[in-house]
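Commentary on secondary and tertiary structure
Next come the chains, spelled out residue by residue.
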Amino acid sequence: MIAIEPSILSADYTHLEEQAREAETAAVEGIQVDVMDGQFVPNITFGPGIVRALRNVVNVTLDVHLMIVEPERYLKEFADSGADRLFVHQEACIHLHRVLQTIRELGIEAGVAINPATPLNVLEEVLELADIIQVMTVNPGFGGQEFIQSQLSKISHLRQILDERGYHTPIAVDGGIDTTTAPLVVKAGATVLVAGSSIYNEKGTVAQNVAALRASIKE
Ligand code: DX5
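My aim in this report is to walk through the structure given alongside it, one point at a time.

Thoughts on the overall build of the protein chain
Of regular secondary structure, the protein chain possesses seven helices and eight strands. Here the protein chain has a C-alpha radius of gyration of 16 Å; the compact-globule value for 219 residues is 17 Å, and the two agree. Judged by the C-alpha coordinates and their principal axes, the protein chain covers about 40 × 35 × 30 Å. Per-residue burial for the protein chain yields a buried fraction of 55% across its 219 residues. Taking the intrachain contacts of the protein chain between residues at least 6 apart in sequence as the baseline, contacts between residues at least 24 apart amount to 64%. Carbon together with sulfur atoms contributes 51% to the accessible area of the protein chain, which is approximately 9,700 Å² in total. For the protein chain, the centre of its 15 positive side-chain charges and the centre of its 29 negative side-chain charges are spaced 3 Å apart.

Okay, structure coming up:
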């Protein structure tokens, strides 16, 4: 079962409720909210208020991707706002083990994301604490960027490591996911596809774009 999760980074912010509802109606498995602080990544986006607003209008899984420094400062606030899963970046956490424990103690799922330059071995000691691992296939901060092909081997290597250790942890991919790259990442072992500009764009409706993405992975 492959999950498709639109990232609202590319949505029309003047019609956010409508855009979220369109995604839900298109039967996506979740929505990813890209939180950016202008420090960890060179862009600033949403806070807990947007998560709360979305929680009040859609029932799908709300994944909150914290592209912020010291994410431990805001875990409870985002959890209380209605996030179902919080993704922190390994690169932003001095005490990643404790951060993932804290997220779980808040009663929601703990995700860890790694940037393209980050090797898999940084996750060695936290595999048991990660409910999901997100491999960034672009350098985070903006939608519409080029997919980084070198991450395909990282995805398949991560799947191999998890399988060898007996972990069924899903692998999410995020960045440049479209009808061309989706089959490649699924073949490599990804089962959660985060997509922004390939779903929210002028070329088609959300429903049409989600359907095209699903068709490309021949589910
Ligand atoms: C990367 C964000 C992604 C982004 C993906 O900066 O974390 O979620 O919205 O956008 P696309 O799918 O357009 O690459």
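Details of the site of the ligand
Among the 18 residues in the neighbourhood of the ligand, the closest are listed as Gly141, Gly144, Asp174, Gly196 and Ser197. At 2.6 Å from an oxygen atom of the ligand is found a side-chain nitrogen or oxygen belonging to Asp174. Within the backbone of Gly196, an N or O atom sits 2.8 Å from an oxygen atom of the ligand. Calculation on the ligand without its partners gives an accessible area of 380 Å², and the protein chains cover 100% of this total. Those elements that place two or more of their residues in the shell around the ligand are β2 (30–36) and β3 (61–67). Classifying every residue of the shell around the ligand gives seven nonpolar, nine polar and two charged.

How each quantity is defined
Residues numbered from 1 in each chain as written. Predicted model: local features only at pLDDT ≥ 70, side-chain atom pairs only at ≥ 80, totals over all residues. Heavy atoms only, no water. Helix = DSSP H or I, 4+ residues; strand = E, 2+ residues; numbered from the N terminus. Rg over C-alpha atoms; globule rule 2.2 N^0.38 Å. Buried < 20%, exposed > 50% of the residue type's maximum accessible area, 1.4 Å probe, protein only. Contact = heavy atoms within 4.5 Å. Areas by Shrake-Rupley, 256 points an atom, 1.4 Å probe, with all protein chains shown as cover. Lys, Arg positive; Asp, Glu negative; His and termini not counted. Charge placed at Lys NZ, Arg CZ, Asp CG, Glu CD. Near = heavy atom within 4 Å. Polar contact = N/O pair within 3.5 Å; in protein donor to acceptor, adjacent residues only side chain to side chain. Nonpolar A, V, L, I, M, F, W, Y, C, P; charged D, E, K, R; others polar.

Distances and angles like these do not, on their own, reveal function.
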